[in-house]
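Below, each chain spelled out in residue letters.
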Amino acid sequence: MGSEARAAQVDEVIRRLEAHYVFPDVAEKLAEVLRRRLGEGAYADVDDAGFATLVTTDLQSVNGDKHLRLRHHADPVADDGDAAMNSEAYRLEAELEGFGIAEVKRLAGNVGYLDTTMLYPPELAGPAIAAAMTLLAPADALLLDVRRNRGGSPGTSALLQTYLVDEQVHYLDIYEREGHKTTQMWTLPYVPGLRFGGTKPVWVLTGPRTFSGGEDLAFSLQQQGRAKTVGEATRGGAHPREQYKVDTYLDVTVSIARSFHPETGENWEGVGVRPDLPVAADQAFGTAYELALRHVLELGATGPRRGVAEEARQALDQVKDVGPGRDGTV
């Protein structure tokens, strides 16, 4: 890569930061760092993949914003964010990933389990989420696993949360630099399928890989008092981002907004969502499942509940004796 071409790439990253980064004063500092590093020759003798890695490290060195990244792709990138999200390749990616739902099942003892890896936009993931939540609606308790959830759409967080409440809840605000506007995030007035509802217990399983939209779910349900979080602190990315083309195989992700609790003003940026029940991430399932089974046994063991109670007793013995597998098995 020639020096002029590399300088042009750095200039394009800086242009996107100065135009869009949610904190304009931080954008100025980021520009200073990139120009200094370019002048030092830090980006001269590396290929595009190495360049992306170096720039990402430099971007995140200023304020630790993990949403700030220069990314190298094997295929040509779309023009900007909306184009990428609406591309056929993105739709196929969502489909091949089960629209972000890795597993949905009824565990022994009538405990529901939902493992999510990504919050794809509602227009893609909505039918899959509705099907999953309809299956889980009759469960006596729910384990919502976001330990591998790397983020996604705020709208899908709202959709999922709606299945877990009985009335609309104002759970988050998002401030956008463009237009200096603040959007209130509410659960929805209607969802397809059946709701799990707002009274049965929910445990959210978290870990150091939980990021962005996955953290939104954990934080919002925790702050509402709707769920208990179990596991380890999450990665700490509370800034919604957009992606912008830099060159044929490079794009930069830029935080264009910030999320915060509507009453306290707090969020999880840089600190992560702190668990209510701190345990190692690989023990989060067993801890939560045991609590869920104990809840099921408190519901009684007569009539139609006799079989469920026996299931719960046997599952509880197994959890205590051998511990859980990551995938929700014992």
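Residues numbered from 1 in each chain as written. Predicted model: local features only at pLDDT ≥ 70, side-chain atom pairs only at ≥ 80, totals over all residues. Heavy atoms only, no water.

**Student:** I'd like to hear about the pairing of strand 9 (residues 241-247), residue by residue, with values.
**Tutor:** Note: strand 9 against strand 10 (residues 250-255), 6 bridges, orientation antiparallel. Across the sheet, Arg241 pairs through a bridge with Ser255, a residue of strand 10. In textbook terms, the turn of a hairpin is the stretch between consecutive antiparallel strands, and for strand 9 and strand 10 this stretch comprises 2 residues. (Pairing = 2+ DSSP bridges. Helix = DSSP H or I, 4+ residues; strand = E, 2+ residues; numbered from the N terminus.)

**Student:** So what about the sheet that holds strand 5 (residues 170-176)? Which residues, and what values?
**Tutor:** In spatial order, the strands read 6-5-11; together these 3 strands make up an open sheet with antiparallel pairing. One side of each edge strand has no neighbouring strand; the edge strands of this open sheet are strand 6 (181-186) and strand 11 (257-260). Here the strands of the sheet are splayed against their neighbours by 25 degrees on average, with no regard to which way each runs. Alignment of strand 5 against strand 11, held across 4 bridges, turns out to be antiparallel. What sits directly across from Ile174, in strand 11, is Ser259. Contacting strand 5 and strand 6, helix 7 (residues 154-162) runs over the sheet at an angle of about 175 degrees to strand 5. (Axes fitted to C-alpha atoms, helices over the stretch in contact; angles between N-to-C directions. Contact = heavy atoms within 4.5 Å.)

**Student:** An account of unusual backbone geometry is requested, with residue identities and associated values reported.
**Tutor:** Even without being glycine, Asn110 reaches a positive phi, approximately 60 degrees. Relative to the assigned elements, Asn110 resides in the loop between strand 2 (101-107) and strand 3 (111-116).

**Student:** Give me the lowdown on the side chain of Arg226, citing residues and values where you can.
**Tutor:** Locating Arg226 in the fold gives a position in the loop between helix 8 (213-224) and strand 8 (228-231). In this structure Arg226 is buried but unpaired, with Asp166 as the nearest side chain of opposite charge at 7.0 Å. Side-chain polar atoms of Arg226 contact the backbone oxygen of Leu164, separated by 2.5 Å. (Buried < 20%, exposed > 50% of the residue type's maximum accessible area, 1.4 Å probe, protein only. Lys, Arg positive; Asp, Glu negative; His and termini not counted. Salt bridge = Lys/Arg side-chain N within 4 Å of Asp/Glu carboxyl O. Polar contact = N/O pair within 3.5 Å; in protein donor to acceptor, adjacent residues only side chain to side chain.)

**Student:** How would you summarise the packing of aromatic side chains if you had to cite specific residues and measurements?
**Tutor:** Applying the stated criterion across every chain yields a total of 6 aromatic pairs. Taking the centre distance of 5.3 Å and the plane angle of 75 degrees together, the rings of Tyr43 and Phe51 count as edge-to-face. Judged on exposure class, the residue Tyr43 and its partner Phe51 are both buried. Summarising the aromatic geometry, the rings of Tyr113 and Phe285 are spaced 5.6 Å apart at their centres and angled 85 degrees between planes, so their arrangement reads as edge-to-face. Taken as a pair, Tyr113 in strand 3 and Phe285 in helix 9 (residues 284-298) lie far apart in primary sequence, 172 residues in all. Judged by its relative accessible area of 0%, Phe285 is buried. Through pairs of rings, three or more aromatic residues link up here, namely Tyr113, Phe285 and Tyr289. Positioned above the aromatic ring of Phe51 is the side chain of Arg6, whose terminal nitrogen or guanidinium carbon lies 4.1 Å from the ring centre. (Phe/Tyr/Trp six-rings, centres within 6.5 Å; stacked < 30°, edge-to-face > 60°. Lys NZ or Arg CZ within 6 Å of the ring centre and 35° of its normal.)

**Student:** Give a detailed account of helix 6 (residues 122-136), specifying residues and quantitative values.
**Tutor:** Residue Ala128 marks the point of greatest curvature in helix 6, where the axis turns by about 25 degrees. Residues of helix 6 that are buried sit in contact with helix 5 (88-96), strand 2, strand 3, strand 4 (141-145) and helix 7. (Bend = angle between axes of the 7 residues up to and from the residue.)

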